[in-house]
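Take a look at the letters that make up each chain.
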Amino acid sequence: FPLSRPYTIAFETTDAVENFIVRLGTDTGLLGLGAASPEAMVTGETVEACAAALSPERLTWLDGRSLEDLGKLAEEVRRSLGATPAAQAAVDMALHDLEARRAGVPLVERLGRRHHRLPTSITIGIMPLEATLREATEYLERGFRVLKLKLGSTPEEDVERTLRLREHVGAAVRIRVDMNQACSGP
């Protein structure tokens, strides 16, 4: 998927992500969806390993299975795909989505919704201060109230960007800072 704009973190600039969409269907025409976002640096799972785990021939064990015992199916997914956590999550999501559709309720309700609104953040990558402030302004205009700021320049630049961003957006906006691989040690 191409990103609407590239972003930079401590070790790279990203302009697209590789994801997998899993579609599981029933003989009655229902369709459950799941998504996998493998990242070798985070989980050790490569895109190639995820693709192999999600290949149709590797998922034939699901053919003809019933959703009546979703817990057992989910456990089999965990055992079968445990070495590929993104693939495992995608199949698990698709099965749960399928079961919720079969029951005629949104998945969030089936899982026991606790919140009706959940604030989400949008990421500002590593960039010069003025670009950071422009991007923050754009995101605030789009309605975001939680900003995730990637750090990883020099400590002095990171502190300056964070402090200036706080001054720029005010106290009502949450700022999350993310060092990722820019930080070494505990």
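Residues numbered from 1 in each chain as written. Predicted model: local features only at pLDDT ≥ 70, side-chain atom pairs only at ≥ 80, totals over all residues. Heavy atoms only, no water.

Engineer: Which residues make up the overall build of the chain, and what are the values?
Structural biologist: Secondary structure summary: the chain contains seven helices and seven strands in total. Taking 16 Å as the expected radius of gyration for a compact globule of 186 residues, we find that the chain reaches 20 Å, considerably beyond that expectation. Dimensions of the chain along its principal axes, counting C-alpha atoms only, are 60 × 35 × 30 Å. When burial is assessed residue by residue, the chain has 31% of its 186 residues classed as buried. Here the chain has roughly 11,600 Å² of accessible surface; of this, 53% comes from carbon and sulfur atoms. With 23 positive and 27 negative side-chain charges, the chain shows a separation of 7 Å between the mean positions of the two kinds. (Helix = DSSP H or I, 4+ residues; strand = E, 2+ residues; numbered from the N terminus. Rg over C-alpha atoms; globule rule 2.2 N^0.38 Å. Buried < 20%, exposed > 50% of the residue type's maximum accessible area, 1.4 Å probe, protein only. Areas by Shrake-Rupley, 256 points an atom, 1.4 Å probe, with all protein chains shown as cover. Lys, Arg positive; Asp, Glu negative; His and termini not counted. Charge placed at Lys NZ, Arg CZ, Asp CG, Glu CD.)

Engineer: Give me the sheet that holds strand E7 (residues 174–178): which residues, what numbers.
Structural biologist: Within a sheet, adjacent strands bond to each other through the backbone by hydrogen bonds, running parallel or antiparallel. Strand order in this open sheet of three strands is E5-E6-E7, and the pairing throughout is parallel. Because the sheet does not close on itself, it has two edges, and the strands there are strand E5 (122–124) and E7. On average, adjacent strands in this sheet sit at an angle of 30° to one another, irrespective of strand direction. One ladder, built from five bridges, connects strand E6 (residues 146–150) with E7; its direction is parallel. Among the inter-strand pairings, Leu149 is bridged to a residue of E7, identified as Val177. The sheet contacts of helix H6 (residues 129–141) involve E5 and E6, and relative to E5 the element is tilted by about 165°. Of the strands in this sheet, E5, E6 and E7 touch helix H7 (residues 155–169), which is tilted by about 160° from E6. (Pairing = 2+ DSSP bridges. Axes fitted to C-alpha atoms, helices over the stretch in contact; angles between N-to-C directions. Contact = heavy atoms within 4.5 Å.)

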